[in-house]
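# Coordinate inspection notes
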Amino acid sequence: MAESSHVFDATQTNFEREVIQASLQTPVLVDFWAEWCGPCKQLKPVLEKLADEYGGAFRLAKVDTDAEMQLASIFGIRSLPTVVLLKEGQMVDGFMGVVPEGHVREFLAKHGIVPGEAEPDVERIDTDESPAEAVNRLQQEIAAQPDKPELKLDLALALMQAGNAAAAEAELDSLPAKFASDAKAVRLRGQLDFARALEGAPALAELRARVEQEPADFAARDLLGVRLLLAGDAAAGLDQFLHILKTQRDWQDGQARKRLIAAFNVLDDADLVSTYRRKMAAVLF
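To start, this report covers the structure provided alongside it. Here the structure is a predicted model, which is why all the values come from computation and not from measurement.

We now examine the state of the cysteines. For the structure on display, the rule yields one disulfide. For Cys37, the disulfide goes to Cys40, at an S-S distance of 2.3 Å. Disulfide Cys37-Cys40: torsion about the S-S bond near 85°, hence right-handed. Since its relative accessible area comes to 4%, Cys37 is described here as buried.

Structural data, given as structure tokens:
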């Protein structure tokens, strides 16, 4: 294939700028491959052809996992080829193995990526509203427009922001299947996973006290990080996970790394995520 401006090699050096930051404007498909991988060589021309055909609707980043083992580790790559999609600075979906061209087209289409068209802006809940006000407004809009399921997704997000995880999950589960891969739905699922981790957990004050008394109480520090994250103090929560990673990276089979990656996928603050991705990379590499 002729050289294309839509296809490039991603490395640890340029990943932050060319993949994460770039995905804030244009979706980036990341192809994790290796020279020795036969299936990778089958999938590669399919992805490159589509990147060229779609004319900038998405960019294709190719990661040689033999040369970039750290990147493969951060994304938890266990088999090749693995392809992940980043939008708005977050990983939103992916697939593994060789798939037909039609499958890749369907994968892109379900994320609103079609030939020759840029990704539309994602509608957001009015940040000037309180969560309770947003819930009330959305419930009224749904009553007036019951045939608009996207409003129910916004309601689920507002309910989660208001601290009602059970109601948020119920709304999310009631959505049509096509919303399963929506970036906002994926983010909310991640938040709900964090909320489930706190079932039966001690209160924030108790967890703080335990960590202050025994800094190596990683179980308490892990739960403290989750509580802070869900309470809106994301940086403080990420710091707890990062502390565990620095001190004992293999604790609970690498739980701190998994928490950080999961947090990156639920946070809606690209600058904060970018900062902590770099911090995590500095510890791992």
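Enumeration over the complete set of coordinates arrives at 17 salt bridges. Across the salt bridge formed by Asp173 and Arg189, the nearest N and O atoms sit 2.7 Å from each other. With a gap of 16 residues between them, Asp173 in helix H7 (residues 165-173) and Arg189 in helix H8 (residues 183-197) connect regions that are remote in the sequence. Judged by relative accessible area, which is 32%, Arg189 ranks as partly exposed.

With that settled, consider the sheet that holds strand E5 (residues 90-96). Taken together, the five strands give an open sheet; going across it, the order is E1-E3-E2-E4-E5, and neighbouring strands pair in mixed fashion. Every interior strand has two partners, whereas the edge strands, strand E1 (7-9) and E5, have only one. Across the sheet, the mean angle from the axis of one strand to that of its neighbour is 25°, orientation sign disregarded. Relative to strand E4 (residues 82-87), strand E2 (residues 28-33) runs antiparallel, the two sharing five bridges. When the bridges of E4 are listed, Phe32 appears paired with Thr82. Across the face of the sheet, helix H4 (residues 101-109) comes into contact with E2, E4 and E5 while running at roughly 160° to E5.

Rules behind the numbers
- Residues numbered from 1 in each chain as written.
- Predicted model: local features only at pLDDT ≥ 70, side-chain atom pairs only at ≥ 80, totals over all residues.
- Heavy atoms only, no water.
- Disulfide = S-S within 2.5 Å.
- Buried < 20%, exposed > 50% of the residue type's maximum accessible area, 1.4 Å probe, protein only.
- Salt bridge = Lys/Arg side-chain N within 4 Å of Asp/Glu carboxyl O.
- Helix = DSSP H or I, 4+ residues; strand = E, 2+ residues; numbered from the N terminus.
- Pairing = 2+ DSSP bridges.
- Axes fitted to C-alpha atoms, helices over the stretch in contact; angles between N-to-C directions.
- Contact = heavy atoms within 4.5 Å.

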